[in-house]
Amino acid sequence: MTKEEIIKAIEEMTVAELAELVKELEDKFGVSAAAPVAVAAAPAAGGAAAGGEAEEKSSFDVFLKEIGDKKLQVIKVVREITGLGLKEAKEVVDKAGSADAVVKKGASKEEAEQIKAKLEEAGATVELK
């Protein structure tokens, strides 16, 4: 299978399928996909300080502040966004208001806004950091 065929197959996956694939690759090779994101974000932050100019933030973490009255709806949205199982999504929702209530780390501004909108539609209060 060529790289192009692999990329084409990935492009055709849903977000949930892609999240599952990433998790399987992490387990298979003993790595974390989060590490490269953090490393990639670090130079951007350093560049802003070195240049002396305030650059717009390009990477956001999406936190659940409150879940509101529709906990089940919020869990469903968290599952959809993250590809987590029911138990894991419930654990994220149960941590609402704490620093551990991260729904998505390192999201682009556009993706973070979309996630925020979906969660707020389900009744949750969301914070982007």
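Fair warning: this is a prediction, and the values are worked out from it, not measured in the lab. (Residues numbered from 1 in each chain as written. Predicted model: local features only at pLDDT ≥ 70, side-chain atom pairs only at ≥ 80, totals over all residues. Heavy atoms only, no water.)

A. Region of the structure containing the nonpolar core. Val 62, Leu 64, Val 74, Val 78, Val 93, Val 103 and Leu 119 are the most contacted members of the largest nonpolar core, which totals 21 residues. The set of elements that each furnish at least two residues to this core consists of β1 (60–66), α4 (71–82), α5 (86–94), β2 (102–107) and α6 (109–121). Considering every element that reaches this core, the biggest residue donor is α4, with five residues. (Core = buried A, V, L, I, M, F, W, Y, C linked by side-chain atoms within 4.5 Å. Buried < 20%, exposed > 50% of the residue type's maximum accessible area, 1.4 Å probe, protein only. Helix = DSSP H or I, 4+ residues; strand = E, 2+ residues; numbered from the N terminus.)

B. Molecular detail of α4. Across its 12 residues, α4 extends 16 Å between first and last C-alpha, which sits within 8% of the 16 Å expected from 1.5 Å per residue. For α4, the full list of buried residues reads Val 74, Ile 75, Val 77, Val 78, Ile 81 and Thr 82. Projected down its long axis, α4 shows its buried positions confined to an angular sector of 165 degrees, all on one face. In this structure, the buried residues of α4 make contact with α2 (15–29), β1, α5, β2 and α6. (Expected span 1.5 Å × (residues − 1). Arc of directions from axis to C-beta. Contact = heavy atoms within 4.5 Å.)

C. Expanded view of the pattern of salt bridges. Counted by the stated rule, this structure contains five salt bridges. Residues Glu 80 and Lys 118 are paired through a salt bridge, measuring 2.9 Å at the closest nitrogen-oxygen approach. Within this pair, whereas Glu 80 is found in helix α4, its partner Lys 118 is found in helix α6, the two being separated by 38 residues in sequence. Linking Asp 94 and Lys 90 is a salt bridge whose minimum nitrogen-to-oxygen distance equals 2.7 Å. In this pair, Asp 94 and Lys 90 are both assigned in helix α5, four residues apart and thus about one turn of the helix distant. (Salt bridge = Lys/Arg side-chain N within 4 Å of Asp/Glu carboxyl O.)

D. Layout of the sheet that holds strand β3 (residues 125–128). Overall, antiparallel pairing links the three strands, which are arranged β2-β1-β3 in an open sheet. Edge strands, defined here as strands with exactly one partner in the open sheet, are β2 and β3. Between one strand and the next, the sheet's axes are offset by a mean angle of 25 degrees, whatever the strand orientation. Where β1 lies against β3, four bridges are found, and the strand directions are antiparallel. Across the sheet, residue Val 62 finds its bridge partner in β3, namely Leu 128. Most of the contacts of α6 go to β2, to which it runs at about 165 degrees, and overall it touches β1, β2 and β3. (Pairing = 2+ DSSP bridges. Axes fitted to C-alpha atoms, helices over the stretch in contact; angles between N-to-C directions.)

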